[in-house]
Amino acid sequence: MLEVRGGNPLGGTVQVRGAKNLVPKAMAAALLGETPSVLRGVPQIRDVEIVTGLLELHGVRVTPGSDGDLSDGELHLDPSDMAQGSIVDIDAHAGSSRIPILFCGPLLHSLGQAFIPDLGGCHIGDRPINFHLDVLRQFGAEVDKTSGGIMLTTRGRLQGTKVELPFPSVGATEQVLLTAVRAEGVTELRNAAIEPEIMDLIALLQKMGAIITVDTDRVVRIEGVDSLRGFIHRALPDRNETASWASAALATGGDIFVEGASQPELITFLNVFRRIGGEFEVEENGIRFRHPGGKLTSFALETDVHPGFMTDWQQPLVVAMTQAEGLSIIHETVYENRFGFTHALGEMGAQIQLYRECLGGTPCRFGRRNYQHSAVVSGPTELTGTRIDVPDLRGGFSHLIAALAARGTSQVHGIELINRGYENFLDKLIGLGAEVAA
């Protein structure tokens, strides 16, 4: 539990490192190499710990950089002694992360089999693995479901295939990439996700020796190769953490410099931030976000796949929207249950109404399916401290922002979920002048 006394502007500097949505996948990619890999910019987050444990169960040596710990953000990954891990030990990770599903292709190439425990992750919507399994079957894998997870095997080399995604899913695109690079023949992936983290993964795989072509119409072609080598790669900065700190500056009336933030991956977010009334300055080593004083402006927003407004940016920004003049409208088109976190904001005094209708023109998978996936926020409203239970990673950080902007004290429970994606967030909050106590 974290006790938060709100009402004070946040000010100072925080540092962001490699993206949570890239680093664990890059660690999984190290399984594909015949020589060791070096990954830089690695944040100290729970997801990295989980993937490190799983890699070590498969015989991969994971060691920190030259200073002997992860504080410099460097990991060395050596798969030369890779072997099938104990099913009992792997099963102990059941429910802790969704990353293990991406081990399938690399393990099938190297060992001919892969066991995947039951998966976890944030409860923000339907994220089935059936499509992952169907794709792996297309490559030639045999899939057997067990009481504790899934066992995949292959009797020979996986074969290239043609895949068309019904929705440009990031996870499904990653699955195809990590499996196709060593499959025999050519794999064609249509309607692929093209998020910056996907492009960074493609760049990493190309360093390993992969041949991958990305067309302008979301078509990716992968020419399978016989073997891959290790990589030396610095992960791109975490744009989601950057947007979260930017939203915290706006909601609290603060001024935060995010060291390590990169502008190109944030252009869509920065445009919205400026339209609301926030100001930012892009500097050589980061971006400064601040509330310039005066009123914030209400607006209409729709989330979408890249290059649209990212769904992970929506939740922290909604907190700032509670302080904007008038009615703001948000249409969530990526995850159907992303607005569950607004219940706590309502208890703090925010005026947020949820709707099942699509309040926007962006194509949406959830219309007429009885999901509350649109929201209208009326502001400005004063927030008051209360007890809060963290529902998921981004929602949890959004609750922290609300507690910091609120009058009085809040008790935030379940903060371990925030550790999955925010490095040393408690120390960072204290450094920004937040009054918090664990």
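Above: the structure in question.
Residues numbered from 1 in each chain as written. Predicted model: local features only at pLDDT ≥ 70, side-chain atom pairs only at ≥ 80, totals over all residues. Heavy atoms only, no water.

Draft legend 1. Molecular detail of the pairing of strand S14 (residues 255-259). In this sheet, S14 lies alongside strand S2 (residues 11-15) in parallel orientation, the contact comprising five bridges. When the sheet's bridge partners are listed, Thr13 is paired in S14 with Phe257. Pairing of S14 with strand S16 (residues 286-290), which is carried by five bridges, proceeds in the antiparallel orientation. Bridging from a neighbouring strand, Glu259 pairs with Gly286 of S16. (Pairing = 2+ DSSP bridges. Helix = DSSP H or I, 4+ residues; strand = E, 2+ residues; numbered from the N terminus.)

Draft legend 2. Structural context of helix H6 (residues 170-180). Most of H6 is tucked away, with nine of its eleven residues classed as buried. Within H6 the residues assigned to the buried category are Ala172, Thr173, Glu174, Gln175, Val176, Leu177, Leu178, Thr179 and Ala180. One side-chain oxygen of the residue at the start of H6 lies 3.4 Å from the amide nitrogen of Gly171, identifying that residue as Ser169. (Buried < 20%, exposed > 50% of the residue type's maximum accessible area, 1.4 Å probe, protein only. Polar contact = N/O pair within 3.5 Å; in protein donor to acceptor, adjacent residues only side chain to side chain.)

Draft legend 3. Geometry of the pattern of salt bridges. Evaluated as defined, the whole model comprises 25 salt bridges. Between Lys20 and Asp47 there is a salt bridge, with the nearest N and O atoms lying 3.6 Å from each other. Here the residue Lys20 occupies a position in the loop between S2 and helix H1 (23-29), and Asp47 occupies one in helix H2 (residues 46-57), the gap between them amounting to 27 residues. In this structure, Lys20 and Asp47 share a single accessibility class: buried. Of the charged contacts, one joins Asp47 and Arg420 as a salt bridge, the two residues approaching to 3.1 Å between their closest N and O atoms. On the criterion of sequence distance, the pair formed by Asp47 in helix H2 and Arg420 in the loop between strand S23 (409-413) and helix H13 (425-431) is long-range, its members being 373 residues apart. (Salt bridge = Lys/Arg side-chain N within 4 Å of Asp/Glu carboxyl O.)

Draft legend 4. Broad picture of the packing of aromatic side chains. Following the criterion strictly, the structure yields eight aromatic pairs and no others. Ring geometry for Phe309 and Trp313: centres 5.2 Å apart, planes at 80°, overall edge-to-face. Residue Phe309 shares its accessibility class with Trp313, and that shared class is buried. An angle of 85° between the planes, with centres 6.0 Å apart, marks the rings of Phe366 and Tyr371 as edge-to-face. Taken together, the ring pairs in this structure connect Phe269, Phe273, Phe289, Phe309 and Trp313 into an aromatic cluster. (Phe/Tyr/Trp six-rings, centres within 6.5 Å; stacked < 30°, edge-to-face > 60°.)

Draft legend 5. Local environment of the sheet that holds S23. Strand order in the open sheet formed by four strands is S22-S23-S1-S24, with mixed pairing between adjacent strands. Of all strands in the sheet, those bounded by a partner on one side alone are strand S22 (387-389) and strand S24 (435-437). Going across the sheet, the axis of each strand differs from the next one's by a mean of 20°, ignoring polarity. As defined by bridge partners, strand S1 (residues 2-5) adjoins S24 across three bridges and the pair is classed as antiparallel. Bridge pairing links Val4 to Val436 in S24. Contacts between helix H12 (residues 393-405) and the sheet are confined to S1, S22, S23 and S24, with S1 contributing the most and set at about 40° to the helix. (Axes fitted to C-alpha atoms, helices over the stretch in contact; angles between N-to-C directions. Contact = heavy atoms within 4.5 Å.)

Draft legend 6. Representation of the sheet that holds strand S12 (residues 219-223). The four strands are arranged S9-S10-S12-S11 in an open sheet whose pairing can be described as mixed. Two strands lie at the open edges of the sheet, namely strand S9 (162-164) and strand S11 (211-214), each paired on one side alone. On average, each strand axis in the sheet is inclined to that of its neighbour by 10°, with strand direction left out of account. Bridge count between S11 and S12: four bridges; the pairing is antiparallel.

Draft legend 7. Structural detail: the side chain of Asp78. Relative to the assigned elements, Asp78 resides in strand S5 (residues 74-78). Residue Asp78 is classed as buried on the basis of its relative accessible area of 16%. Within the structure, Asp78 has its side chain in polar contact with the side chain of Arg61 (distance 2.4 Å). If near-sequence neighbours (up to four positions away) are discounted, Asp78 is found in contact with Pro36, Gly59, Val60 and Arg61.

Draft legend 8. Broad picture of the state of the cysteines. Summed over the entire model, instances satisfying the criterion amount to zero disulfides. Here Cys364 stays unpaired: no disulfide links it, and the sulfur of Cys358, its closest cysteine neighbor, is 3.9 Å away. The class of Cys364 is partly exposed, set by a relative accessible area of 23%. (Disulfide = S-S within 2.5 Å.)

Draft legend 9. Layout of the packing of helix H4 (residues 104-111) against H6. Contact geometry of H4 with H6 gives a least axis separation of 7 Å together with a crossing angle of 15°. With respect to H6, the element H4 is oriented roughly parallel. Read as a crossing pair, H4 and H6 show a hand that is right-handed. The segment H4 lies against H6, with Cys104, Gly105, Pro106 and His109 engaging Gln175, Leu178 and Thr179. (Parallel < 35°, antiparallel > 145°, perpendicular 65-115°, else oblique. Left-handed = near helix turned anticlockwise from the far one by under 90°.)

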